[in-house]
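# Residue-level structure breakdown
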Amino acid sequence: MMTRKAILIPPLAFILRIVLFNIPTIADTLATRVEVVTPITSFKRLTEGLYLYENSVPPYDNGIFHQAPFLLVLFSALTSLSPLAIPIVYAGVDTFIGYALVVITQMKQKNYANAPKLEVEKEMAPIDPWTVAALYLFNPLTILSCVSKSTLIFTNLSVVLSVALALKGDAIYSMFWVAIASYLSFYPAMLMPALVLIISKWTPSNNSTLVKQARASTFYFVAWLALFLISSRILVGSWDYLYSTYGTILCLTDLTPNVGMFWYFFIEMFDQFRNFFLVVFQLHAFIFVAPLCIKIREHPVFVIIVLSGMMSILKSYPSVGDAALFLGLLPVHDELFKYARYGFLVTNLYLYSAALAPIFWHLWIYAGSGNANFFYAITLVYNLGQVLLLIDLVYAVLRRSYDIANPHTIGKEVVHK
Amino acid sequence: MPDSTKRLVIASVWAVVLLGLPLWWKTTAVYRAQLPFSQIDSWAERKACQLSFPSTFVIHLASIADGEPQAHNRPLDFAVIQETITSHVNNRLASTNARECVEFPLHVNIQNWPITSDMKNLLHHIEPSNSKQVIAIADIEEVSSAVITAILKGERERVRSLACDSELTERSNLDGARTMKFSPTYQMTFSLMNGNPDSLQVDWDIEAAVNTYLKPFISEVSLVSNFTVDSQIQHYADLAVTPQFMERQKLPSYYYLTPQTLPHFINSAEWNLASAISSYPTINFILYIPAADKTPLRIHDDKGQPLRSNAFLIPRWGGIAIKNPPKAASGKLEFSKEDLKPFMEIFVAQLRGLIGIHDLKKTMSSLESSYEISLAPTPQTAVTVIEMDAVVKQRIAENVVNSIATLKSLAQLVMDIPNMVVLDHIRTEVQLSLDSLNQACQALQQEDYLKALQHSIHAIERSEKAFFDPTMVSMLYFPDEHKYAIYMPLFVPVSVPLIMAVIKQLKEYKKEKREQKVKAE
């Protein structure tokens, strides 16, 4: 099924990453960029925790390391193998995410083959799955995030795998991977209901009523998560890691700047209201799950895309790696592109923030001629771009459904009263 | 079908909002531990416990010296003498202020003291000037009350002014201005400043000098405050002021500093005297070696005469001594322990002033008395027991008054700002501080000054810990109206569509009901 051109994509992507890993100035610079790595995904901090772990010191005592214990075990094994192991694993995992996206796209196209379509779509071939992979693998944000050795890549891998397995109808392993993702960075837990929708919608099985499937999947999810948490407890020897990992994510104890909305807000927030606004912000990230799952339940893969976009905006420590996952999943629903209204604006907002964020960071931190507001303003622009894209997508999916149901309204303004 | 979807969506959003309400309540609750306001008030009004600084004097009276002929065979009535002395002293020291907030009970205790030969050398401490062999009762009374008055006068005045007067009068008091603010520990820094190391290298054996000349004094006063000692040598220590030149006929000419320029002597921009080692208050002592082109450097007094000591004290900061290097000296100048002795003497004298030890001799000489009183010298420690006693009393009064004032300000602050969070540990500190005050006051009444000092130190430390707690900053809190400004920017835009959606759904629901009714009919 692979075309001749497509066969070049994975090796090219792999080699490109390996080459970049071997240019120390690029790899080392990226490893410290706040746009790319956050306190909860930084490889530098992981190295610190790893050193303590391998010397039998409780790795969470230093207050620097905030990542899940499984990563300690993984990297402890990798570093003992060979110095080449880590770049190869990173490049390999990223390439594999690309392949998983191919699988997702194929499955989605198969499932939508008999779905109602617009007249114009009938003559058009859907997107080539390998184009989706290429769009992910050669997205500069993906490459930056991968070469920075951000451990977010493992979360992204887990999310993509859970979606692919859900499309294949494998509830147990889909829940396994979404539990891993939630275990690694907490927020992907919000994807669970959408995965249940995917499984129950396209898997013809005897217990495929939504309620039954939801009950079973919730059980698997909770069981896997409990298993991970308990085995982590055994690995590091105490429950302290919970506060160090999820406590940091939820309570925002590390205010290192990133591309998100949290850090500046909570630097400025009055102490008395800090807890209240933490609750508001964290609830805000989760408030969209139920409405989206109800309203767009006919397109559960699309719900996953929107929610990953939500995560990349509303999580407490976002980085460009989150946007990379969101933008990577986006072409799966390529039929929506013709409804997009803000494409030009959004592209420009991404480019604008990509150009100005490093400049303003330099002005603030090194030149001293700017201040924190400069960098924060750029993160606002970046997130404005993402929000516009999300609004556009949700509009597109609703309008397309409406147009399929009411073909006579195509091209006309629909006023919602 | 689309209607039920819409309702589900709205309900799911509202469910999260409603889930947030108890969290809102929980996270913005203002926790206020109950502070013991009434106790603080009663302390502030000096009603909780009467401060009293009792003193007891034991007079050893040699009634019959061995072998001496007895002029009067009448036995001395000790009780009468005690009473007379007490009333004499009290009359002389009576406060002009009608409202007395401190008590000074005085106990005079006369004991019969058979003199043995080995005690004779002690006798000259208090010796009537007319050198009569036999001392009349009137003389005993007169001498004793003069001595006691002399001892008590200064210390009583200071304690009274500390305890009773407002801070303003305390500031105007020159002695008070010189003394460092109380701290349980001070950091003492000895600095050797070299004006120009190009022509002269300097070094000093400060450790030995401190151990020999300062240690005994420090260990004596460690009862009140501890000291950490460190030293440094700084080169290229330029003067911030330009000394004036005095040209003299026949005599060698010299440079001099006038009293007006002395406050600017410290070159705080360039001399790195601030220490980051500890947060204790620092007492600086500087031995300054002027550069060759400014030697010899002297200090003039008000009348334009050079000071013999060539040293001066900066109130609440430290002391400075200037040492002009000998003309012949070139290359290297090293101060041995013995060389440093005169400077250490100066520094110890300055330190006495800085930590609030008052010269008893000065008070004595100011009193009109027909008797000459001499005090036993203190060869080692540079502080007498009586002086130490006065310092302890003074510091107790200062600590008690200051901790009461701190607690009072804290109570005022908490009452003024109803939104202020008062955590449990603040209440604990306040309570402990009050307890310490109580214990200090009781110890005072029992004349146990050491215990009182310890408790008063605890009281001031705890009250300041509570007052300077990071959560007790008034700037963090604001009136209720400002909360609207905090909530509105986010919640008004969010709540408008939410509420509108609910209203719209309710309207539609009513309409449906009506239609159903119409249909049914």
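Described in the following lines is the structure provided in the data block. Keep in mind the model is a prediction, meaning the values are calculated, not measured. (Residues numbered from 1 in each chain as written. Chains lettered and ligands numbered in written order. Predicted model: local features only at pLDDT ≥ 70, side-chain atom pairs only at ≥ 80, totals over all residues. Heavy atoms only, no water.)

With that settled, consider the interface of chain B and chain A. In this complex, chain B contributes 26 residues to the contact, which on the side of chain A involves 17 residues. Around 1900 Å² of area is buried between chain B and chain A when both sides are counted, 80% of it from carbon and sulfur atoms. It is V16, T27 and I486 of chain B in chain B that bury the most area against chain A; as a group they hold 23% of the surface buried on that side. Where chain B meets chain A, there are 0 salt bridges. Inspection of the chain B/chain A interface yields 0 residue pairs in polar contact (both at pLDDT 80 or more). Among the elements of the structure, α1 (2-27) and α13 (481-520) of chain B are those that each provide at least two residues to the side of chain B that touches chain A. Considering every element that reaches the side of chain B that touches chain A, the biggest residue donor is α1 of chain B, with 12 residues. Looking at the side of chain B that touches chain A, its residues break down into 17 nonpolar, 6 polar and 3 charged. (Contact = heavy atoms within 4.5 Å. Buried area = accessible area lost by both parts, 1.4 Å probe. Salt bridge = Lys/Arg side-chain N within 4 Å of Asp/Glu carboxyl O. Polar contact = N/O pair within 3.5 Å; in protein donor to acceptor, adjacent residues only side chain to side chain. Helix = DSSP H or I, 4+ residues; strand = E, 2+ residues; numbered from the N terminus. Nonpolar A, V, L, I, M, F, W, Y, C, P; charged D, E, K, R; others polar.)

All names here are of chain B. Where burial is concerned, most of strand β10 (residues 282-289) is hidden: 7 out of the 8 residues are buried. Where strand β5 (residues 185-194) and β10 come together, 8 bridges link them in parallel fashion. Along β10, the bridge assignment pairs S191 with I286. (Buried < 20%, exposed > 50% of the residue type's maximum accessible area, 1.4 Å probe, protein only. Pairing = 2+ DSSP bridges.)

Now for the sheet that holds β10 of chain B. All names here are of chain B. Across the sheet, which stays open at both edges, the 5 strands sit in the order β7-β5-β10-β13-β12 with mixed pairing between neighbours. Edge positions in the sheet fall to β7 (226-234) and β12 (311-314), since each of these pairs with one other strand and no more. In this sheet, adjacent strand axes meet at a mean angle of 15° when their direction is disregarded. Across 9 bridges, β5 lies against β7 in parallel orientation. (Axes fitted to C-alpha atoms, helices over the stretch in contact; angles between N-to-C directions.)

In this section: the packing of aromatic side chains. All chains considered together, the criterion is met by 62 aromatic pairs over all chains. Measuring from ring centre to ring centre gives 5.8 Å for F70 of chain A and F228 of chain A, while their planes differ by 75°; the resulting arrangement is edge-to-face. On the criterion of sequence distance, the pair formed by F70 of chain A in helix α4 (residues 69-81) and F228 of chain A in helix α11 (residues 210-236) is long-range, its members being 158 residues apart. Using a relative accessible area of 4% as the deciding quantity, one classes F228 of chain A as buried. Here the basic side chain of R298 of chain B rests over the ring of Y254 of chain B, its NZ or CZ set 4.9 Å away from the ring centre. (Phe/Tyr/Trp six-rings, centres within 6.5 Å; stacked < 30°, edge-to-face > 60°. Lys NZ or Arg CZ within 6 Å of the ring centre and 35° of its normal.)

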